[in-house]
Amino acid sequence: MMAAIHDEPKFSELFMAYLLTRNSRVEEDLIDQLFNSSEKRLARLLLLLAHCGKEGVAQPILLDISQETLAEMIGTTRSRVSFFMNKFRKLGFIEYNGKLEIHNSLLNVILFDKPEIKTSDASTST
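Worth saying up front: this structure is predicted, and the values here are computed from it rather than measured.

Calculation notes
- Residues numbered from 1 in each chain as written.
- Predicted model: local features only at pLDDT ≥ 70, side-chain atom pairs only at ≥ 80, totals over all residues.
- Heavy atoms only, no water.
- Helix = DSSP H or I, 4+ residues; strand = E, 2+ residues; numbered from the N terminus.
- Contact = heavy atoms within 4.5 Å.
- Salt bridge = Lys/Arg side-chain N within 4 Å of Asp/Glu carboxyl O.
- Buried < 20%, exposed > 50% of the residue type's maximum accessible area, 1.4 Å probe, protein only.
- Phe/Tyr/Trp six-rings, centres within 6.5 Å; stacked < 30°, edge-to-face > 60°.
- Patch = residues over 30% accessible without salt bridge, like charges linked within 9 Å, V, L, I, M, F, W, Y side chains within 5 Å.
- Areas by Shrake-Rupley, 256 points an atom, 1.4 Å probe, with all protein chains shown as cover.
- Axes fitted to C-alpha atoms, helices over the stretch in contact; angles between N-to-C directions.
- Parallel < 35°, antiparallel > 145°, perpendicular 65-115°, else oblique.
- Left-handed = near helix turned anticlockwise from the far one by under 90°.
- Nonpolar A, V, L, I, M, F, W, Y, C, P; charged D, E, K, R; others polar.

A. Main features of the overall build of the chain. In terms of regular secondary structure, the chain is built from seven helices and two strands. Reading the secondary structure of the chain in the N-to-C direction produces α-α-α-α-α-β-β-α-α. Long-range contacts, defined here as pairs at least 24 residues apart, represent 47% of the contacts in the chain between residues at least 6 apart.

Structural data, given as structure tokens:
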């Protein structure tokens, strides 16, 4: 590996960019685990899986991913993931139609503590 890094400057540049990106993601994941609720961690994970924010539109998740796997990824139980997924569906943030579709509005879960209250307060205050 060291020889490839020394002999191939393009490879070295690509590899270093990958390592820096990976390191940033690990730091973001640690901060997320330490400071955010399991609901926010699930919302962030779903947005990341859907590539939300890249090219402006969330992509449907075509992975066959179980609630148990999601729970392991965010450090909570499957029953909590089920509860949050049902909540997200009722609020219109996600849809299940044979595939999991994530809407950009799921960002409200990350940005606001109680998205359903924030949206109703905004409509009554005008």
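B. Spotlight on the pattern of salt bridges. According to the stated counting rule, one finds four salt bridges in the structure shown. The closest approach of N and O atoms between Arg 25 and Asp 29, which form a salt bridge, is 3.2 Å. Residue Arg 25 and its partner Asp 29 are both found in helix 2 (residues 9-35); the two are separated by four residues, about one turn of the helix. With relative accessibility at 33%, the residue Arg 25 sits in the partly exposed group. Of the charged contacts in the structure, one is a salt bridge between Lys 87 and Glu 39, with a shortest N-O distance of 2.7 Å. Taken together, the positions of Lys 87 in helix 5 (residues 78-90) and Glu 39 in helix 3 (residues 38-49) put the pair 48 residues apart, joining distant regions of the chain. Residue classification places Lys 87 among the partly exposed positions, given a relative accessible area of 22%. Since its relative accessible area comes to 13%, Glu 39 is described here as buried. Each of Arg 25, Glu 28, Asp 29 and Arg 44 takes part in salt bridges that share partners, so that together they form one network.

C. Local environment of the packing of aromatic side chains. Inspection of the entire model under this criterion finds three aromatic pairs. When the ring of Phe 11 is compared with that of Phe 15, the centres are 5.9 Å apart and the planes differ by 15°; the resulting orientation is stacked. With Phe 11 and Phe 15 both in helix 2 and four residues apart, this pair spans about one turn of that helix. Relative accessible area serves as the criterion here: at 32%, Phe 11 is assigned to the partly exposed category.

D. Molecular detail of a nonpolar patch on the surface. Residues Leu 30, Ile 31, Leu 34 and Phe 35 make up a contiguous nonpolar surface patch of roughly 480 Å² in combined accessible area. Considering the arrangement of structural elements, one finds Leu 34 in helix 2.

E. Region of the structure containing the packing of helix 2 against helix 3. One can describe the packing of helix 2 onto helix 3 by two numbers: an axis separation of 10 Å at closest approach and a directional angle of 155°. Between helix 2 and helix 3, the angle falls in the class roughly antiparallel. With respect to the hand of their crossing, helix 2 and helix 3 are arranged in right-handed fashion. The segment helix 2 lies against helix 3, with Arg 25, Glu 28, Asp 29, Asp 32 and Gln 33 engaging Arg 41, Arg 44 and Leu 48. Each residue belonging to the contact of helix 2 with helix 3 can be placed in one class, and the counts come to one nonpolar, one polar and six charged.

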